[in-house]
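Structural overview
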Amino acid sequence: EVGKLSPVIDSLLSQENGQADVYVPGTMIVINGDNLRFDKTDVLQGVFVRSGNNAEVRLTVYGTVTPTSLSVLMPDTLTGPQTVRVAAFIHGSVRSFTYMTPVAQSA
């Protein structure tokens, strides 16, 4: 049996300094993977971040969004390591993928 298609994050890069698994608050990151395309206007879809036990936050400023890559602004209010999740509507339901490497804050 084949599993359901879901978004998959292969890598995450800072556009500010090119480092993997790092973000600079107030700058864009690039997420690479598969099945990443989503409706930017749907609040159930998109890129979500969470720091520790804090509430998850949906990011709202997106650049290009394609099936294999997307760019998103990491708000300047974020601090510390972030868990990143992508949610996309695929074949009738919203499916998500959580990147297992916490993304570290860089100055």
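Up top is the structure.
The text that follows walks through the structure, step by step, so that each part is easy to find.

About the thresholds
Residues numbered from 1 in each chain as written. Predicted model: local features only at pLDDT ≥ 70, side-chain atom pairs only at ≥ 80, totals over all residues. Heavy atoms only, no water. Patch = residues over 30% accessible without salt bridge, like charges linked within 9 Å, V, L, I, M, F, W, Y side chains within 5 Å. Areas by Shrake-Rupley, 256 points an atom, 1.4 Å probe, with all protein chains shown as cover. Salt bridge = Lys/Arg side-chain N within 4 Å of Asp/Glu carboxyl O. Helix = DSSP H or I, 4+ residues; strand = E, 2+ residues; numbered from the N terminus. Buried < 20%, exposed > 50% of the residue type's maximum accessible area, 1.4 Å probe, protein only. Pairing = 2+ DSSP bridges. Axes fitted to C-alpha atoms, helices over the stretch in contact; angles between N-to-C directions. Phe/Tyr/Trp six-rings, centres within 6.5 Å; stacked < 30°, edge-to-face > 60°.

What follows is about a nonpolar patch on the surface. Nonpolar side chains collect at one region of the surface, where Val43, Leu44, Phe89 and Val94 lie side by side and expose about 400 Å² of accessible area between them. Within the secondary structure layout, valine 94 lies in strand S9 (residues 93–105). Judged by its relative accessible area of 39%, valine 94 is partly exposed.

Turning our eyes to something else, we now look at the sheet that holds strand S6 (residues 62–65). The 4 strands are arranged S1-S3-S7-S6 in an open sheet whose pairing can be described as antiparallel. Only two strands of the sheet have a single neighbouring strand rather than two, namely strand S1 (8–14) and S6. Ignoring strand direction, the axes of neighbouring strands in this sheet form an average angle of 20°. Sheet topology places strand S3 (residues 27–34) next to strand S7 (residues 69–74); 6 bridges connect them, and they run antiparallel. Its bridge partner lying in S7, methionine 28 is registered against leucine 73.

A word on the pattern of salt bridges. Taken as a whole and judged by the stated rule, the model has 1 salt bridge. Note that arginine 85 is salt-bridged to glutamate 56, the shortest N-O span being 2.8 Å. Of the two residues, arginine 85 is situated in strand S8 (residues 82–90) and glutamate 56 in the loop between strand S4 (46–50) and strand S5 (57–58); the sequence distance between them amounts to 29 residues. The class of arginine 85 is buried, set by a relative accessible area of 18%.

Attention now moves to the environment of serine 93. Position of serine 93 among the secondary structure elements: in strand S9. Judged by relative accessible area, which is 24%, serine 93 ranks as partly exposed. In this structure, the C-alpha to C-alpha distance between serine 93 and threonine 77, residues 16 residues apart in sequence, is 31 Å.

Attention now moves to the pairing of S7. Bridge analysis of S6 against S7 gives 2 bridges, and the strand direction is antiparallel. Note on S7: the bridge partner recorded for valine 65 is leucine 70. Connecting S6 to the antiparallel partner S7 that follows it, the hairpin turn spans 3 residues.

Right, let's get into the packing of aromatic side chains. Evaluated as defined, the whole model comprises 1 aromatic pair. Judged by centre distance (5.1 Å) and plane angle (70°), the rings of phenylalanine 38 and tyrosine 62 are edge-to-face. Residue phenylalanine 38 is located in the loop between S3 and S4, and its partner tyrosine 62 is located in strand S6; the two are separated by 24 residues in the primary sequence. For tyrosine 62, a relative accessible area of 12% gives the class buried.

The strand order S2-S9-S8-S4-S5 describes an open sheet built from 5 strands, whose pairing is mixed. Looking along the sheet, the strands with just one partner apiece sit at the ends: strand S2 (22–23) and S5. Looking at chain direction, S4 and S8 are connected through 5 bridges and run antiparallel. Residue phenylalanine 48 lies in a different strand from S8, and its bridge partner there is arginine 85.

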